[in-house]
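The residues making up each chain are set out below.
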Amino acid sequence: MKKQKRDLHHRAYIRGYRAGMAGKTKGLSMQYHENTRPHWLAGWREGREDMWSGLTPVEGTHKTFSMVH
């Protein structure tokens, strides 16, 4: 199994980032376990900041993939 699949905190961060870039509400964080919710919210905040800064979703996706490697 790849490390990327095992790291639940990083996965929650990436999913939060994508939700933030898509303009979704932070209320979606409630579907995550209390241990991973802070990571999702941190990603969501960064995604919202990047969206407001004018970063396109494609650039945001490239940014999230560069975090993995």
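Residues numbered from 1 in each chain as written. Predicted model: local features only at pLDDT ≥ 70, side-chain atom pairs only at ≥ 80, totals over all residues. Heavy atoms only, no water.

Details of the overall build of the protein
Then, in step 1: Helix and strand content of the protein: 4 helices and 0 strands.
Then, in step 2: Starting at the N terminus, the α and β elements of the protein follow one another as α-α-α-α.
Then, in step 3: A burial count over the protein gives 29% of its 69 residues as buried.
Then, in step 4: Counting contacts in the protein only where the partners sit at least 6 residues apart, residues at least 24 apart contribute 70% of the total.
Then, in step 5: Carbon and sulfur atoms make up 56% of the accessible area of the protein, which totals about 4900 Å². (Helix = DSSP H or I, 4+ residues; strand = E, 2+ residues; numbered from the N terminus. Buried < 20%, exposed > 50% of the residue type's maximum accessible area, 1.4 Å probe, protein only. Contact = heavy atoms within 4.5 Å. Areas by Shrake-Rupley, 256 points an atom, 1.4 Å probe, with all protein chains shown as cover.)

Comments concerning the side chain of Thr36
Then, in step 1: Note on placement: Thr36 falls in the loop between helix H2 (8-21) and helix H3 (37-52).
Then, in step 2: Setting aside residues no more than four positions away along its own chain, Thr36 makes contact with Leu8, His9 and Ala12.

Comments concerning H3
Then, in step 1: Its 16 residues place the ends of H3 22 Å apart at the C-alpha level, agreeing with the 22 Å of an ideal helix rising 1.5 Å per residue.
Then, in step 2: Turning to H3, its buried residues are Trp40, Leu41, Gly43, Trp44, Gly47, Arg48 and Asp50.
Then, in step 3: Gly54 sits one or two positions beyond H3 and adopts a positive phi of about 100 degrees. (Expected span 1.5 Å × (residues − 1).)

Quick notes on the nonpolar core
Then, in step 1: Judged by nonpolar contacts, Ala12, Ala19, Tyr32, Trp40, Leu41 and Trp44 together constitute the single largest core of 6 residues.
Then, in step 2: Mapped by element, the contributors of at least two residues to this core are H2 and H3.
Then, in step 3: The leading source of residues in this core is H3, at 3 residues.
Then, in step 4: Setting aside residues no more than four positions away along its own chain, Ala12 makes contact with Tyr32, Thr36, His39 and Trp40. (Core = buried A, V, L, I, M, F, W, Y, C linked by side-chain atoms within 4.5 Å.)

A closer look at the environment of His10
Then, in step 1: Take His10: it is sitting in helix H2.
Then, in step 2: The partly exposed category is assigned to His10, whose relative accessible area is 22%.
Then, in step 3: Sequence spacing of His10 and His39 is 29 residues, and the spatial spacing of their C-alpha atoms is 7.2 Å.

Topic: H2
Then, in step 1: Between the first and last C-alpha of H2 there are 20 Å, a value that for 14 residues agrees with the 20 Å anticipated at 1.5 Å per step.
Then, in step 2: Phi turns positive one or two residues past the end of H2, at Gly23, with a value near 80 degrees.

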